[in-house]
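Below, each chain spelled out in residue letters.
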Amino acid sequence: MATKTRAASKKKRRGKAAEKEGPEVIRVPETTVEIVSDSGEGAQKCGQIFGAVCAKMGNGAWTVEIIPAEIQPPARSKAGGSGNRIRFGTEEVTNWGDATNLVVAFNEQVLLGRIELGALAEDAIVLLENQWATHPDEDIRKEWEEGLKELSKHDYRIIEVPMEEECLKIVDDTRRGKNMFALGMLAWIYDRDQELIRGQIAHQFRKKGEDIYQRNVELMEAGYAWAQKNLDFRIEVPTVPSDVPKVVMNGNEAVGMGVIAAGMELCSMYPITPATSASHYLGDVFERFGGVVHQAEDEIAAVGVAIGASYSGKVACTITSGPGLSLKQEFLGLAVMLEVPLVVVDVQRGGPSTGLPTKAEQSDLLTACFGQHGDAPHVVMAAATIDECFHSMITARRIAEAFKTVVIVLTDANLATGVQPFVRPQVDARWQQAPIGLAPVPEDKPPYDWDPRTGLAQRRVPGQPGGMYTATGLAHNEWSKVAYDPDSHQRGCQMRSRKMAVLQSTLKPPEIRGDDSGDLLVVGWGSTRGAIEEAVDRARAEGLSVSSCHITFLSPLPPGLKQMFSRFDRVMTVEINYSDEPDDPYVTEENRRRAQLCRLLREATLVDVDCWSRVPGQPLRPGKILKAIKQRLEMGVQV
Amino acid sequence: MATKTRAASKKKRRGKAAEKEGPEVIRVPETTVEIVSDSGEGAQKCGQIFGAVCAKMGNGAWTVEIIPAEIQPPARSKAGGSGNRIRFGTEEVTNWGDATNLVVAFNEQVLLGRIELGALAEDAIVLLENQWATHPDEDIRKEWEEGLKELSKHDYRIIEVPMEEECLKIVDDTRRGKNMFALGMLAWIYDRDQELIRGQIAHQFRKKGEDIYQRNVELMEAGYAWAQKNLDFRIEVPTVPSDVPKVVMNGNEAVGMGVIAAGMELCSMYPITPATSASHYLGDVFERFGGVVHQAEDEIAAVGVAIGASYSGKVACTITSGPGLSLKQEFLGLAVMLEVPLVVVDVQRGGPSTGLPTKAEQSDLLTACFGQHGDAPHVVMAAATIDECFHSMITARRIAEAFKTVVIVLTDANLATGVQPFVRPQVDARWQQAPIGLAPVPEDKPPYDWDPRTGLAQRRVPGQPGGMYTATGLAHNEWSKVAYDPDSHQRGCQMRSRKMAVLQSTLKPPEIRGDDSGDLLVVGWGSTRGAIEEAVDRARAEGLSVSSCHITFLSPLPPGLKQMFSRFDRVMTVEINYSDEPDDPYVTEENRRRAQLCRLLREATLVDVDCWSRVPGQPLRPGKILKAIKQRLEMGVQV
Amino acid sequence: MTHYGCSLLGCGVIDERHFDMDDYQGAIARWCPGCGDHSILTAVQRLLEEEQLKPEETVLVSGIGCSSRFPHYVKTYGFHGLHGRALPVAIGIKLERPELHVFVTMGDGDCCSIGAGHWIHATRYNADMVAMLLDNNMYGLTKGQTSPTTPLRFPSNTQPHGSYLRPLNPLTATLGVTNASFVAQTAEWIPQHLFETLKAAYHHKGFAFIRILQRCPVYTSKIYEDAVRSPDLIEMLIHDDGIHIPDLDQIYKNQVIHDPSNLNEAYRLAQDSDRMRIGIFYRNEGLPRYEEVRRLPARTAEERVKLLNEELDRYAV
Amino acid sequence: MTHYGCSLLGCGVIDERHFDMDDYQGAIARWCPGCGDHSILTAVQRLLEEEQLKPEETVLVSGIGCSSRFPHYVKTYGFHGLHGRALPVAIGIKLERPELHVFVTMGDGDCCSIGAGHWIHATRYNADMVAMLLDNNMYGLTKGQTSPTTPLRFPSNTQPHGSYLRPLNPLTATLGVTNASFVAQTAEWIPQHLFETLKAAYHHKGFAFIRILQRCPVYTSKIYEDAVRSPDLIEMLIHDDGIHIPDLDQIYKNQVIHDPSNLNEAYRLAQDSDRMRIGIFYRNEGLPRYEEVRRLPARTAEERVKLLNEELDRYAV
Ligand SMILES: Cc1ncc(C[n+]2csc(CCOP(=O)(O)OP(=O)(O)O)c2C)c(N)n1
Ligand SMILES: Cc1ncc(C[n+]2csc(CCOP(=O)(O)OP(=O)(O)O)c2C)c(N)n1
Ligand code: SF4
Ligand code: SF4
Ligand SMILES: [Mg+2]
Ligand SMILES: [Mg+2]
């Protein structure tokens, strides 16, 4: 990336002279592009197609959505930018990176909005729609001029593009067309495969008829032609066609597909951003697999229906986000108490309360662990990549059934809407196995025939002759009879708790990226993985003694952490949730409210684990993490 | 107590000979009495009156209810015992103690049930209804004989009492009479003031008319006379009339009265054991104070109504127990986000799930701290005594309003139904002050005019001209405008979090009972205080180097803990919630699930705090705690 | 009765078991003496016997309350869940295992207060099950608090000066919901009527909602006293398509002929609170049932794997 | 309009402020162009102006949804709370501050799905407020999922093959609840009718429930299209005690005279789904309001202290 930006600015300095020579080709290992428009102008579609094409050509890629803050922001407003940001490179791309190198903007206001958010690299190339210069509305013309003045304060290379004018040659309503023109420009700049692009356009618009498809292709070609004629640079991001088959999708699609792959039969949900799109996906295809998406009247009913299904021997899950998780807590405690397997997906968003519904955050960890009243031992795990969004469904089902408990899988808005190619899963028919048959049960066998050492017991479901019993959320003995005596309750708690120790004993210590001792160990969980590892790699490249490790099981935690931590002078977590900074007013070592994984690790290991965390409503940037790493290292060795 | 039991067994050995000499008077510093019957036979009323009389006479006392496990257990069943246990002594009594020294039982089955639960001291005196020996039902006669055989295996002193026969001389239906007869026996044995007893009978039955009152007094007197004639011992527990005025009530009444004393105007609730009786109390008297008990359609609505009231400038609370707390979590997160003051009382019961509704447990601590999705900083505190049940309401209101946040006050079933005399509160008219007037607000003053250092801001309520704003649970800036940009969200989180650091800076380190350094520090919270302190005092009396401290603020934790802990070789918490034992199968230092305060302390102090905890559905006994203390001390000094 | 016919194991042999009342006997019922729940329990057990429902294919679902202890007392599968949440669980069971016979017992607090939202929506889903509201006009288990059906001014522990609101009418509330397909009222102290109502509900294809007036001698002994003693206070809805028990004609002389297919009339009769009416207010078997509407062809593991690979192809790079 | 009359400060001077529409203007409304919520906003602001409600004594409460952004766009006090939970908050406000004017806006998901339990119970409490159901038959904010009022077979993102159930009827559901005191339906594209309905609701003493048919051009553009274009598809309920707007007689020729005091007829008219009916279905001012029923004599701090000491005496040792 460094290469690229330098090349681009060199280019800029060379100016007009270059035009004669044909386009200069700038070769970079990876780069970041974004396309941003008013909402409704289709920048998102353009970005999706472009990202998919990059992936298909053999680039690593990571696409994130740019979502406006308002339902219907006014046109040409800073807060209203909608679109996509695609980071792609020769190697695998694991996160959204730091800053955008090239942006296509449909008006100067959304562009300024992105600049205010710090989205652009200092030397970014900007392709900017320029119809506003001659707009009939005087206010708009003025805004345009002031906008340009503002832009000139930066070091960007601004290229004005008459997108409106060009598109009007083909269509009457440019609101549904300019995006394809922009796609065409990008196709030329980055030399993307036209056939693939047409294929993706077909994929997006095939439902709307041949006509619409053709118009879109025409617009795309017009953009391509315009760029070819008018631009004096192209950017080459070498592709390495993959030797293993890959798929590309977003995290919620991966969750949905994982639900199917895991052999689930019911996804019981209530709509909530950013989880809903997983059920949109399932709503579309699940019936073909014999599966049902049940949209319940609320989150409580949603989890209740899933528990009813699981109690009766089926494989069920519920998918939600923070506020929904809060509502489900009472029922989750019941499932733990009844030992009914249940998979819960929490696609985390910004909190607390309604918070930032469309934005990424990792602040539901503690509530996932401790949100049920009473002692309700269960499993909490997190997906770190889109790949893991898929596979965690299979793991979660397996654990939920083997340990007859609740498994909460945490993902977040970053994974949910991020798009990344990953190795195509090898689907296994065993994942589809029914959990239990209806064989008769001897009448003298209790429904909770706990193994006293492990707390494990066989499952029992309606339809099994001789097995009749009443599941109850009241304290009960092995016969599922209500039992309030001290021994029964202590024993029940014990049996439920021991399962966690047994599960933990089967987990592997997390792997260390980098040396297994050194000055600093950075620990993360969930969607920050790519950004943390990139930051650590960069730090190591600079000669710093930093390693990282990433935790999949949050409860129970994997073994070996304390020992691992002891080999580093400092340990810190990097998370997207709130923590006080050590030097905040009134904040002391004692009262500092630390990040959520940090708290879990301190309790478990007694190591003085530090944290660096932010709640920007966005994924963290590797560059910012790198800065935090350096700052921590400068603070020197801890006691 | 040790004195007493020895005296009693000596007595027993002396046998019949004593009868000639008139009653022997055994003098003890404290003792425990229980009265147990089938449910519906009124043992509870008897116990309540007896406890109240003890308190009024100047004894320290602690009364707990004996509650059957079933709605309507069958007559004469072990699980069906219902009644009261009264521990009283010359000095203050802070907990229910270890074992009962004298029991009045209405049948042998409920007695055997209590014995199975380990309720009785080895040398207990038993006054046992003996009508069963000649019961028409042969099965019952057989049970009685077998029961006596069973009893004879123990070292108890069994005294058969023809209660039925005696009572039938006065009433036809002994189900509503035997309890007063029993009360009379106890009155004679412990030489209780007859006038006070009659007063208490009047207090209990005054609503039911003079007739009923008279009959009850007659029965009581019959019991007294019978005991005088037939028993050869009396027990003296010297009373020390208090020099300060005292009141006696249970913890839920104290909470209810605290709600009134704190100037609250609304208690919005949904019935749930063991919290409901607080609203029964309020339902009875609150209207006289201009207060409203709103019984909502569910817990969610209950907290919503309270928040609506508080948002509009009134003082409101909601009272619930575990399952209800789980349901309220989403709304609690909203109140934190809106910075609407709110007091929440959680009367903890056994969990998880529906668990043990009538039984004491301390397992809602972590969910009280972390049960809301997202980062929702708020205050969690616990009442340790019935006195504190009252006063914590006043503190909680003050903190909730000063810091514009949620304050969760934890009590439990032990406090809720336990009865104890305590120093009569000095009611302060300032507690009744309205929180805010309706003065106009300058239009340029934002609704969240956060002090950037403290996060504190002035409150604003409807009715204040110029102050119009829309409270929102979405991320917002100081104007309460929806704001999804990174800075606004980071800042909002900061402001809400800083209030906690500020509050923490005003807290005092908890006091140490005993030396401020030594071999072991026992840390507790909530209703276990009395039992822990008694155990520590006994340990110290045996020369062990043990101290204790009790924590009122659980979040934020008070300052000074780490330093305090560092002066002890070992630190351990004692709690009524579940923890794995270190030597449980599969349990390791790493995966051990520790008790809840223990986890908070480890995280905050990084001291290797250990825990000893049980979930018997009952208060812990000082004797058991003492045993745990000794065992921990034997394990030697920690690393 | 311990030999299981092999049909359950899928080997096609006919299940020759016969079940009698004892086969449906669970734990001993622990309600107060005189509690109306006892007779409801008996009626349900009688129904199970009469219909010869296999214990292992019958599921009783409940919430929390005195009435919700029901499943413990019947030897079938049972689910004693959360306060107010019986219906979602029952729907989950029926949706995924439509061959099971599902019965739901709820209290008036359980169903009409905390569970009101689920009750409305379960009515609309119209899944095939029998939903019994055991209405004692009070919170029993928690020891006497006002419920939505508590009569106006009737005292309780939370409202000792008497309840503040007129009681909710569970019949009109149900009839107000689209897809309501069976709405009936009966009283536990009229066992024949109770039984016939249960039977009609069981045979109804859809969500059969029965409000059962239930005595609670502990907290609301006075409420139904008069009606128990004076059959004249009760009006029976009778019809050829409804319930008509000739044996009771002599006792319950107030009768009105009501065609259960007439929704508006059902609403009118239910709404008018002058009389205590029992019988079937409304029945409509023409409404789609949720588990039918959502029924899908079963897929084998292999089919699913094949389809999933096709699906992955769509996302292939 | 910046000078506050002193009455608010309790000094007895008359409040001479006059408010015009602008005084009720909050943030700029961010609904989609053509969204029906815009006209509802205007109608509410017109009402506030016509009634000269003091901005500081007016509170708009909402849940979560497009429609629930409402309070942000009106310059009064506002409470934009949780999805489905507007009504409990509104009741808390009205119960403790009965002098405030409370308006509630809810979406169809908000009110009829997740909020159904509160809706039933708020109807029963009958606290004095205007409750508006902005019914676009869809979840708008979350981008197009089936709601309880989505027409049968209408596709959405969660049910792309069409919704599985017949839509819930918010009018009959409300009419089924004891103490329902005001039930009306109107359409946002008939501003005069909308306004008059709001006005009647505001003047109603009790819980005034209005279902407002609301267009969502993004997700349900087709649903009300026909009715907007063909007034004949609409039937107006008119009555001297109801709403009658002579100006509209020429356009809306289907009219039926309906006396809003007739509950059974209200149910019948609401229940019959052949026609889209607008007007007041039911009104009854004779029902007790919760905040009135619970109103208590105010106590001074001194009185409370005195009473509390008496209370402590009862528990004195
Ligand atoms: C979430 C939750 N809230 C409250 C309770 C307490 N609770 C248990 S049963 C019950 C009400 C019982 O009344 P009802 O439903 O009428 O049943 P009944 O006992 O009268 O049969 C309540 C409030 C609970 N267990 N869970
Ligand atoms: C507890 C909870 N569940 C779900 C959501 C997500 N959510 C926000 S608005 C909404 C539904 C919106 O539909 P509707 O109520 O009809 O309002 P509209 O947007 O159509 O006006 C949902 C499900 C949430 N915010 N909180
Ligand atoms: S309290 Fe009432 S409802 Fe509960 S078991 Fe006893 S009689 Fe029945
Ligand atoms: S999505 Fe529909 S309801 Fe929401 S603002 Fe847009 S048009 Fe209105
Ligand atoms: Mg009841
Ligand atoms: Mg809607």
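1. Structural notes on the overall build of chain A
Then, number 1: In terms of helices and strands, chain A carries 20 helices and 23 strands.
Then, number 2: Here the C-alpha coordinates of chain A stretch approximately 90 × 65 × 50 Å along the principal axes.
Then, number 3: Within the span of chain A, comprising 639 residues, buried residues form 69% of the whole.
Then, number 4: Only carbon and sulfur atoms are counted for the fraction: they give 48% of the accessible area of chain A, which is about 20,300 Å².
Then, number 5: Taking the average location of the 73 positive side-chain charges in chain A and that of its 86 negative ones, the two points are 2 Å from each other.

2. Examining the overall build of chain C
Then, number 1: In terms of helices and strands, chain C carries ten helices and nine strands.
Then, number 2: Relative to the globule expectation of 20 Å for 317 residues, the C-alpha radius of gyration of chain C, 21 Å, shows essentially globular dimensions.
Then, number 3: Dimensions of chain C, computed from C-alpha atoms along their principal axes, come out at roughly 70 × 50 × 40 Å.
Then, number 4: Here chain C holds 317 residues, and the buried ones make up 63% of them.
Then, number 5: In chain C, the proportion of contacts linking residues at least 24 apart, taken out of those at least 6 apart, comes to 67%.
Then, number 6: In the structure as shown, chain C presents an accessible area of about 10,900 Å², 49% of it carried by carbon and sulfur atoms.
Then, number 7: Positive and negative charge centroids in chain C, built from 31 and 39 side chains respectively, lie 6 Å apart.

3. Overview of the coordination of the magnesium ion (ligand 6)
Residues and elements named next belong to chain D.
Then, number 1: Bound to the magnesium ion (ligand 6) on the protein side are Asp108 (OD), Asn136 (OD1) and Met138 (O), at distances that span 2.0 to 2.1 Å.
Then, number 2: In terms of primary sequence, the donors binding the magnesium ion (ligand 6) are separated according to D-x27-N-x1-M. With Asp108 in helix H3 (residues 108-114) and Met138 in strand E5 (residues 138-139), this residue pair connects regions lying 30 residues apart in the sequence. In this pair, the class of Asp108 matches that of Met138, namely buried.

4. Some thoughts on the confidence of the model for chain A
Then, number 1: Per-residue confidence for chain A averages 94 on the pLDDT scale, and 96% of its residues sit at or above 70.
Then, number 2: Low confidence marks residues 1-19 of chain A, where pLDDT is under 50. Its contacts with residues over four positions away, or in another chain, come to 32 contacts.

5. Points about the relation of the copies chain A and chain B
Then, number 1: With an RMSD of 0.1 Å, the operation that places chain A on chain B is a rotation of 180° combined with a shift of 0.0 Å along the axis. Here the two chains are linked by the operation of a two-fold rotation axis.
Then, number 2: Interface overlap between copies: 100% of the residues of chain A at the interface are likewise at the interface in chain B, consistent with a symmetric, same-surface contact.

6. Examining the packing of aromatic side chains
Then, number 1: One pass over the structure, following the stated rule, counts 34 aromatic pairs over all chains.
Then, number 2: Geometrically, the ring pair formed by Trp31 of chain D and Tyr73 of chain D is edge-to-face, given 4.8 Å between the ring centres and 90° between the ring planes. Taken as a pair, Trp31 of chain D in the segment before helix H1 (37-51) and Tyr73 of chain D in the loop between strand E1 (58-62) and strand E2 (77-80) lie far apart in primary sequence, 42 residues in all. Here the two residues Trp31 of chain D and Tyr73 of chain D agree in accessibility, since each one is buried.
Then, number 3: Among the aromatic residues, ring-to-ring pairing joins Tyr448, Trp450 and Tyr469 of chain A together with Tyr77 of chain C into one connected group.
Then, number 4: Sitting over the ring of Phe195 of chain C, Arg46 of chain C keeps its end group 3.7 Å from the ring centre.

7. Some remarks on the confidence of the model for chain C
Then, number 1: In this model, chain C carries an average pLDDT of 94, and 96% of its residues clear a pLDDT of 70 or more.
Then, number 2: Contacts for the low-pLDDT stretch residues 1-11 of chain C, under 50 throughout, to residues beyond four places or in other chains number 29 contacts.

8. Considerations on the sheet that holds strand E22 (residues 568-575) of chain B
Residue and element names in this part refer to chain B.
Then, number 1: The mixed open sheet is built from five strands, whose spatial order is E18-E20-E19-E22-E23. Two strands in the sheet have a free side with no partner beyond their single neighbour: strand E18 (512-513) and strand E23 (610-613).
Then, number 2: Taken together, the five bridges between strand E19 (residues 518-525) and E22 define a ladder with parallel strand orientation. When the sheet's bridge partners are listed, Val523 is paired in E22 with Thr573.
Then, number 3: Together, E19, strand E20 (546-551), E22 and E23 form the strand contacts of helix H19 (residues 596-605), whose direction differs from that of E22 by roughly 140°.
Then, number 4: Across the sheet, helix H20 (residues 622-634) touches E19, E20, E22 and E23, and the angle it forms with E23 is around 150°.

9. So, the site of ligand 1
Then, number 1: Within the structure, ligand 1 sits among 22 residues, and Glu299 of chain B together with Cys66, Ser67, Asp108 and Asp110 of chain C are positioned closest to it.
Then, number 2: Of the chains in the model, those with residues near ligand 1 are chains A, B and C.
Then, number 3: In this structure, Ser67 of chain C approaches ligand 1 through a side-chain N or O atom, which is 2.6 Å from an oxygen atom.
Then, number 4: The side chain of Asn136 of chain C places a nitrogen or oxygen atom 2.9 Å from an oxygen atom of ligand 1.
Then, number 5: Contact with the protein chains covers 99% of the free accessible surface of ligand 1, which is 580 Å².
Then, number 6: Listing elements by their share of the shell around ligand 1, those giving two or more residues are helix H12 (322-338) of chain B together with helix H3 (108-114) of chain C.
Then, number 7: Of the residues forming the shell around ligand 1, the biggest block, three residues, is contributed by H3 of chain C.
Then, number 8: In terms of residue class, the shell around ligand 1 is built from ten nonpolar, eight polar and four charged.

10. Comments concerning the domain arrangement of chain A
Residues and elements named next belong to chain A.
Then, number 1: Each assigned domain of chain A is listed with its residue range as follows: domain 1 (3-236), domain 2 (247-424) and domain 3 (512-634).
Then, number 2: Taking the mean C-alpha position of each, domain 2 and domain 3 sit 26 Å from one another.
Then, number 3: With 25 residues of domain 2 at the contact, the number on the domain 3 side is 22 residues.
Then, number 4: When the two sides are added together, the surface that domain 2 and domain 3 hide from each other amounts to roughly 1,900 Å², 63% of it contributed by carbon and sulfur.
Then, number 5: Ranking the residues of domain 2 by area buried against domain 3 places Gln362, Leu365 and Leu366 at the top, with a combined share of 32%.
Then, number 6: Applying the counting rule to domain 2 against domain 3 returns one salt bridge.
Then, number 7: As a salt-bridge pair, Glu388 and Arg529 come within 3.9 Å of each other at their nearest N and O atoms.
Then, number 8: Seen at the junction of domain 2 and domain 3, the total is eleven residue pairs in polar contact (both at pLDDT 80 or more).
Then, number 9: Of the residues contributing to the side of domain 2 that touches domain 3, the split by class is 14 nonpolar, six polar and five charged.

11. Describing the packing of helix H2 (residues 43-57) of chain B against helix H6 (residues 178-189) of chain B
Residue and element names in this part refer to chain B.
Then, number 1: One way to put it is that H2 packs onto H6 with a least axis distance of 8 Å and a crossing angle of 30°. Crossing angle aside, the handedness with which H2 passes H6 is right-handed. Between H2, through Ala43, Lys45, Cys46, Ile49 and Phe50, and H6, the contact on the second element is made entirely by Asn179, Met180, Ala182, Leu183 and Leu186.
Then, number 2: Looking at the contact of H2 with H6 residue by residue, the class counts come to eight nonpolar, one polar and one charged.

12. Re the coordination of the magnesium ion (ligand 5)
All names here are of chain C.
Then, number 1: The protein atoms that coordinate the magnesium ion (ligand 5) are Asp108 (OD), Asn136 (OD1) and Met138 (O), at distances spanning 2.0 to 2.1 Å.
Then, number 2: Of note, the donors binding the magnesium ion (ligand 5) are all from one chain and are spaced D-x27-N-x1-M. Of this pair, Asp108 sits in helix H3 while Asn136 sits in the loop between strand E4 (129-135) and helix H5 (170-175), placing them 28 residues apart in sequence. Each member of the pair, Asp108 as well as Asn136, is classed as buried.

13. Some points on the nonpolar core
Then, number 1: Phe565 of chain A, Phe565 of chain B, Val61 and Val104 of chain C together with Val61 and Val104 of chain D are the most contacted members of the largest nonpolar core, which totals 223 residues.
Then, number 2: The greatest single-element share of this core, amounting to nine residues, is contributed by helix H11 (residues 299-311) of chain B.
Then, number 3: Apart from residues lying up to four places away in sequence, Val104 of chain C is in contact with Val61, Ala86, Leu87, Ala90, Met129, Val130, Ala131 and Met132 of chain C.

14. Here we look at the interface of chain A and chain B
Then, number 1: Each partner contributes to the interface: chain A provides 80 residues, whereas chain B provides 80 residues.
Then, number 2: Contact with chain B buries area across many residues of chain A, yet His373, Tyr484 and Glu603 of chain A alone supply 11% of it, more than any other trio.
Then, number 3: Connecting chain A to chain B are ten salt bridges.
Then, number 4: With its nearest N and O atoms 3.2 Å apart, the salt bridge here joins Glu603 of chain B to Arg599 of chain A.
Then, number 5: Joining chain A to chain B, the criterion identifies 44 residue pairs in polar contact (both at pLDDT 80 or more).
Then, number 6: Elements that contribute at least two residues to the side of chain A that touches chain B include exactly helix H12 (322-338), helix H13 (365-370), helix H16 (486-506), helix H18 (561-566) and helix H19 (596-605) of chain A.
Then, number 7: The biggest single contributor to the side of chain A that touches chain B is H16 of chain A, with 13 residues.

About the cut-offs
- As a convention, each chain's residues are numbered from 1 in the sequence order in which they are written.
- All chains are assigned letters beginning with A, and all ligands numbers beginning with 1, in the order in which they are written.
- For this predicted model, a pLDDT threshold of at least 70 governs which residues receive local features, and a threshold of 80 or more governs which side-chain atom pairs are given and counted, while totals over whole chains, interfaces and linings are taken from all residues.
- Note that the side-chain values use all heavy atoms of the structure and ignore hydrogens as well as water.
- Secondary structure is summarised from DSSP: a helix means a run of H or I of at least four residues, a strand means a run of E of at least two, and numbering begins at the N terminus for each.
- When accessible area is computed with a 1.4 Å probe and restricted to protein chains, residues below 20% of their type maximum are described as buried, those above 50% as exposed, and intermediate ones as partly exposed.
- Per-residue and other accessible areas follow the Shrake-Rupley method at a 1.4 Å probe size, with only the shown protein chains counted as cover for residues.
- Positive residues here are Lys and Arg, negative ones are Asp and Glu, while His and the chain termini are left out of the count.
- To locate a charge, take atom NZ for lysine, CZ for arginine, CG for aspartate or CD for glutamate.
- Atoms counted for the radius of gyration: C-alpha only. Globule rule: 2.2 Å times the number of residues to the power 0.38.
- We call two residues contacting when some pair of their heavy atoms lies within 4.5 Å.
- Note that water is not among the atoms used; donors are N, O and S atoms within 2.8 Å of the metal (3.2 Å for Na, K and Ca), so sites may look incomplete.
- Here pLDDT means the predictor's own confidence in every residue, given as a number from 0 to 100.
- Our superposition of the copies is a least-squares fit, built on the C-alpha atoms of residues whose pLDDT is at least 70 in both.
- Ring geometry is summarised as follows: Phe, Tyr and Trp rings, the Trp one being its six-membered ring, pair when their centres sit within 6.5 Å, and such pairs are stacked at plane angles under 30 degrees, edge-to-face over 60 and tilted between the two.
- To sit over a ring, a charge needs its Lys NZ or Arg CZ within 6 Å of the ring centre and within 35 degrees of the ring normal.
- Any two strands with at least two DSSP-identified bridges between them are counted as paired.
- For every element, the axis is a line fit to its C-alpha atoms; helices are fit only across the contacting stretch, and the angle between N-to-C directions ranges from 0 to 180 degrees.
- Proximity is defined per residue: any heavy atom of the residue falling within 4 Å of a molecule or strand makes that residue near it.
- Here a polar contact is taken to be a pair of N or O atoms separated by no more than 3.5 Å, where protein atoms must pair a possible hydrogen donor with a possible acceptor and residues adjacent in sequence count only if both atoms sit in side chains.
- Gly falls in the polar group here, along with every residue not listed as nonpolar (Ala, Val, Leu, Ile, Met, Phe, Trp, Tyr, Cys, Pro) or charged (Asp, Glu, Lys, Arg).
- Note: domain ranges come from an automatic or database domain assignment.
- In this description, buried area is defined as the sum, over both parts, of the accessible area (probe of 1.4 Å) that is lost when the two are combined.
- Salt bridges are defined as contacts in which a side-chain nitrogen from Lys or Arg sits within 4 Å of a carboxyl oxygen from Asp or Glu.
- Two helices crossing with the near one rotated counterclockwise from the far one by less than a right angle form a left-handed crossing, whereas a clockwise rotation gives a right-handed crossing.
- The nonpolar core is taken to be a set of buried Ala, Val, Leu, Ile, Met, Phe, Trp, Tyr and Cys residues, with the residues joined through side-chain atoms within 4.5 Å.

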